[in-house]
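In case you want the letters, here they are:
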Amino acid sequence: MAKKVAVLLSGCGVFDGSEIHEAVLTLLALDNAGAEAVCCAPNVDQMHVINHLTHQPVNEKRNVLVESARIARGKIKDLAEIRAADFDALFLPGGYGAAKNLCTFATDGPNAIIHPEVARVVRDFAAARKPIGAVCIAPATLAAVFKGTDIKPAVTIGTDEATASGLRAMGAEHVSCGVKDFHVDKANRIVTSPAYMLGRSIGEVFVGIEKTVRAVLDLC
């Protein structure tokens, strides 16, 4: 039977939502591995909206679930409907949305506040011992979820020391890693890779994401 993986999106666009390449490459890697991907996102307004041509904020509102539906071709679930019991694994692509909409790491650093539905879902998967994958900046979301708990995840965001220090301040362990590699926290069943935190091309980012996806599925 095909493994069923919840893919947690955070909008649509690298600067205010999910990194589109990372999200699509995750879905491609899951499909190539014979897994079923179910996209989901919280039904909440984005922190802000960025014009991706000028890189400047614009005066409008967008909904994370509605924007994530663009990547999912309209086939997406409200995160509130997601239960770990219905899935084999959870996967978080990156993009600033993971650090702006799923939690507030982008603005608050180690004092990040986690969206309550994100916290519930991640903790449910962890409690059920079901594997969790995360790439790019999304490991910061996991660190924020487990901050102050007995779970001390070992993750990678690549080699950026400033970001790594923020993760360590939340109680996580950071492991330096290349873009084409990945790290497995066997104790907590968490697999992470740097993706566009280090990536210079879509091709090398895919290498790391595909390895991460396969490692997650191997843990199922």
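Quantities reported herein were computed from a predicted structural model and do not represent experimental measurements. (Residues numbered from 1 in each chain as written. Predicted model: local features only at pLDDT ≥ 70, side-chain atom pairs only at ≥ 80, totals over all residues. Heavy atoms only, no water.)

Enquirer: I'd like a rundown of the confidence of the model for the protein, residues and numbers included.
Expert: Overall, the prediction assigns the protein a mean pLDDT of 97, with 100% of residues at 70 or greater. Looking across the protein, the model is least confident in strand S4 (residues 56–58), with a mean pLDDT of 95, and most confident in strand S1 (residues 4–8), with 99. (pLDDT = per-residue confidence, 0-100. Helix = DSSP H or I, 4+ residues; strand = E, 2+ residues; numbered from the N terminus.)

Enquirer: Lay out the packing of helix H1 (residues 20–32) against helix H8 (residues 202–219) in plain terms, naming residues and giving numbers.
Expert: Running from N to C, H1 and H8 point in directions that differ by 50 degrees, and their axes come no closer than 9 Å. Compared by their axis directions, H1 and H8 come out oblique. Handedness of the H1/H8 crossing: right-handed. Residues His 21, Glu 22, Leu 25, Thr 26, Leu 28, Ala 29, Leu 30 and Asn 32 of H1 form the contact with H8, whose participating residues are Ile 202, Val 205, Phe 206, Ile 209, Glu 210, Val 213, Arg 214 and Leu 217. (Axes fitted to C-alpha atoms, helices over the stretch in contact; angles between N-to-C directions. Parallel < 35°, antiparallel > 145°, perpendicular 65-115°, else oblique. Left-handed = near helix turned anticlockwise from the far one by under 90°. Contact = heavy atoms within 4.5 Å.)

Enquirer: Please give an account of the sheet that holds S1 that cites residues and values.
Expert: Sheet architecture is open: 7 strands sit in the order S5-S2-S1-S6-S7-S11-S10, paired in mixed fashion. A strand with exactly one partner marks an edge of an open sheet, and here the two such strands are strand S5 (76–78) and strand S10 (183–185). Strand-to-strand, the axes of this sheet are offset by a mean angle of 25 degrees, without reference to chain direction. Seen against the sheet, helix H6 (residues 138–146) touches strand S6 (89–92), strand S7 (132–135) and strand S11 (190–193) and runs at an angle of roughly 130 degrees to S7. (Pairing = 2+ DSSP bridges.)

Enquirer: Summarise the state of the cysteines; cite the residues concerned and give the values.
Expert: Joining two cysteines, a disulfide is a covalent bond between their sulfur atoms. Taken as a whole and assessed by the stated rule, the structure comprises 0 disulfides. Left without a disulfide partner, Cys 40 is nearest to the cysteine sulfur of Cys 39, which lies 7.4 Å away. In this structure Cys 177 is not part of a disulfide, and its nearest cysteine sulfur, from Cys 136, lies 13 Å away. Overall, Cys 177 belongs to the buried group, its relative accessible area being 10%. (Disulfide = S-S within 2.5 Å. Buried < 20%, exposed > 50% of the residue type's maximum accessible area, 1.4 Å probe, protein only.)

Enquirer: Provide a residue-level description of the packing of aromatic side chains, including the pertinent values.
Expert: Applying the stated criterion across every chain yields a total of 2 aromatic pairs. Residues Phe 87 and Phe 125 carry aromatic rings whose centres are separated by 6.4 Å and whose planes lie at 40 degrees to one another, so their mutual orientation is tilted. Note that Phe 87 is positioned in the loop between S5 and S6 and Phe 125 in helix H5 (residues 116–127), a separation of 38 residues in sequence. Classification of Phe 87 by relative accessible area gives buried; the value is 4%. Accessibility expressed as a relative area gives 0% for Phe 125, which makes it buried. Against the face of Phe 87 rests Lys 4, its NZ or CZ located 5.2 Å from the ring centre. (Phe/Tyr/Trp six-rings, centres within 6.5 Å; stacked < 30°, edge-to-face > 60°. Lys NZ or Arg CZ within 6 Å of the ring centre and 35° of its normal.)

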